[in-house]
Amino acid sequence: MIANVRRAEEFADVIEVRFDCLRADELESAFDRVESIKPLLATFRSSEQGGKGTANLNARSSFWGRDLSKFWALDLEEDVASLAPSATKIIASFHDFSDVPNDLANIFSRLSETSSDLIKIAITPVDITEALPVWKLLVKEQESKKNIIPIAMGDAGKWTRILGPAYDAFMTYASLDEASKTADGQITARDLIDVYRVKDLDRDTRVYGVLGDPVSSSLSPYMHNPAFAADGINAVFIPFLVKDLDTFIRRMVRPETREVELNFAGFSVTMPHKQNIIKHLDAIDPTAEKIGAVNTVKIDGGGKLTGYNTDAHGFITSLKANFGEIKDVRVGVFGAGGAARACVYALQEEGADVTIFARDMSKGEALANNLNVGFRRLSEDRPPVVKTLDVIVNATPLGMKGPLENDSLFTADQLSGVKFVYDLVTRAVDTPILAEAKKAGVPAIGGLEMLIEQGLKQFEIWTGRAASAEIARENLLDRLRKR
Ligand code: NAP
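These figures come from a predicted structure and were not determined experimentally. (Residues numbered from 1 in each chain as written. Predicted model: local features only at pLDDT ≥ 70, side-chain atom pairs only at ≥ 80, totals over all residues. Heavy atoms only, no water.)

Draft legend 1. The sheet that holds strand 16 (residues 391-394), seen in detail. Within the open sheet, the six strands sit side by side as 15-14-13-16-17-18. Their pairing is parallel. Every other strand in the sheet has two partners, leaving strand 15 (374-377) and strand 18 (444-445) as the edge strands with one partner each. Here strand 17 (residues 420-423) pairs with strand 18 via two bridges, running parallel. The residue of strand 18 that forms the bridge with Y422 is I445. Its contacts with the sheet place helix 16 (residues 432-440) against strand 16, strand 17 and strand 18, and it is angled at close to 165° to strand 17. (Pairing = 2+ DSSP bridges. Helix = DSSP H or I, 4+ residues; strand = E, 2+ residues; numbered from the N terminus. Contact = heavy atoms within 4.5 Å. Axes fitted to C-alpha atoms, helices over the stretch in contact; angles between N-to-C directions.)

In structure tokens:
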């Protein structure tokens, strides 16, 4: 703990020392030894309030009875609030680790009646809009000049941690590293400062983000935030966990109905909302309309939403850059999901000879008929089909990190004679099919190429400017390696 306090000094403005994470026999010596050049915040929480140990009220009361003058502030829950010494700054805190209480306003008034200097309220929303009550407290209480720290935990509340300080939250909490997170949804201090640039954000910051469920593994923040920073653009890109898209658009986006002003300027849209977003748009780009899926939304000054699809562009641009002209080339697209759809559309536009291969006959045939290309069932017996193809596109999750990470559609032997392999799966290392292609001497690229190209196009749609592919690659690879 002492060593971690030293590490935190590098980037924290205030260091919270969670005494409840120590054993009773460690507490004494830690208390005596903990020192810092940065202000220290002491916390000793009960297990009901999310504390890590088993300290009862007696143990906690005796802790708060010590000489605590070396701490900048003390974080006390309601049951021990009366023990607060008068000389030190006091944070009165409330945590709900599983829900959003209905009576948040009452809880807030009770905490306001204590002699605290700051009020911290942490709740746990499941969907993004459930974080609104805590955000509204922040907006409302600023009028009465209350110092408040509003936190919505979990992925659905990440935006409150990132945007809080720009909207005058007294502070935001961050973890030392991935391994030492003390609450769900907590972001590392490095990411909060270097990726999200939390210290530079203000109310003029244009807010972008990815709408999806799940969004925790999205790489887009690690591409768009460095691009904004490199171009000196006052904008931030945030992962938004959206389960109910209709409610999100109504309560947070549409100028006529929204309950908060967050300066939204655009979104990336990912599964499962790429189709559902269309009904919320004011305008749609013809390509996105033909594909039937939108992965990019631009919001203009008047709040008008326009949808685009940059997946098709990202795929075909990277394929042509690495393979060359694709007209009349025999391409097999494996998979019949959202990514396959964008790829097949783009290949069709370029005059390629496309066949879809999918295990689900009805899904595959429907997509093939819709886009007017060939279809073949992907059976366990795959080898014969490869002989009829020049280019293979893997648009299935085979090779993705997780249960399918060692699976490849084809072996090196089976790939011999193929001219090019494009695996849409994005990893820092070669996926199995890329490794097999290498073994067979077949040129191949991975999903990072499409990810970068579709993101560069998004950036251009949003800002009218060109982002750097090199900066994107460097940051995305760095992030992928840390996974
Ligand atoms: P999706 O909509 O869920 O579609 C996945 C397709 O793969 C479905 O046709 C599915 O068939 C098939 N599939 C799943 N497991 C399979 C298996 N074990 N064997 C054979 N087929 C299988 O997913 P998506 O959004 O299209 O994404 C597909 C892949 O592309 C993912 O790996 C994703 O990460 C990648 N991707 C990359 C980018 C990029 O920018 N690089 C962008 C988008 C997607 P069933 O319907 O029968 O399950």
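Additional details are given in the paragraphs that follow.
Draft legend 2. Up close: the site of the ligand. The environment of the ligand is made up of 20 residues, and the closest members are A336, A339, R359, K363 and G447. A339 has a polar backbone atom sitting 2.8 Å from an oxygen atom of the ligand. Contacts to the ligand include L451, whose backbone N or O atom sits 3.4 Å from an oxygen atom. Burial of the ligand by the surrounding chains reaches 76%, relative to a free accessible area of 920 Å². (Near = heavy atom within 4 Å. Polar contact = N/O pair within 3.5 Å; in protein donor to acceptor, adjacent residues only side chain to side chain. Areas by Shrake-Rupley, 256 points an atom, 1.4 Å probe, with all protein chains shown as cover.)

Draft legend 3. Spotlight on the packing of helix 11 (residues 311-323) against helix 17 (residues 448-463). Remark: helix 11 packs on helix 17, axes separated minimally by 7 Å, with the N-to-C direction vectors making an angle of 125°. Relative to helix 17, the element helix 11 is oriented oblique. The hand of the helix 11/helix 17 crossing is right-handed. Touching D311, H313, G314, F315, T317 and S318 of helix 11 are E449, M450, E453, Q454 and K457, all from helix 17. Considered class by class, the residues forming the contact of helix 11 with helix 17 number two nonpolar, five polar and four charged. (Parallel < 35°, antiparallel > 145°, perpendicular 65-115°, else oblique. Left-handed = near helix turned anticlockwise from the far one by under 90°. Nonpolar A, V, L, I, M, F, W, Y, C, P; charged D, E, K, R; others polar.)

Draft legend 4. Looking closely at helix 13 (residues 361-371). Considered for burial, the residues of helix 13 that qualify are G364, L367, A368 and L371. Seen end-on, helix 13 carries its buried residues on one side only, within an arc spanning 95°. Summarising the geometry of helix 13, the exposed residues directed more than 90 degrees from the buried face are S362 and N369. Looking at the buried side of helix 13, the elements it contacts are helix 12 (338-349), strand 14 (353-358) and strand 15. Two residues or fewer after helix 13 comes N372, characterised by a positive phi angle close to 60°. (Buried < 20%, exposed > 50% of the residue type's maximum accessible area, 1.4 Å probe, protein only. Arc of directions from axis to C-beta.)

Draft legend 5. Region of interest: the packing of aromatic side chains. Per the stated rule, a full pass over the model turns up 24 aromatic pairs. Ring geometry for F240 and F248: centres 6.4 Å apart, planes at 35°, overall tilted. A relative accessible area of 1% places F240 in the buried class. Judged by relative accessible area, which is 0%, F248 ranks as buried. The ring of F31 is capped by R66, whose NZ or CZ atom sits 4.5 Å from the centre of that ring. Sitting over the ring of F31, K70 keeps its end group 5.3 Å from the ring centre. (Phe/Tyr/Trp six-rings, centres within 6.5 Å; stacked < 30°, edge-to-face > 60°. Lys NZ or Arg CZ within 6 Å of the ring centre and 35° of its normal.)

Draft legend 6. Structural detail: the side chain of N309. Structurally, N309 can be placed in the loop between strand 12 (305-308) and helix 11. Within polar-contact distance, the side chain of N309 engages the backbone nitrogen of D311 at 2.8 Å. At 3.2 Å, the side chain of N309 and the backbone nitrogen of A312 are in polar contact. Not counting residues within four places of it along the chain, the set of residues in contact with N309 comprises A288, I291, A293 and N295.

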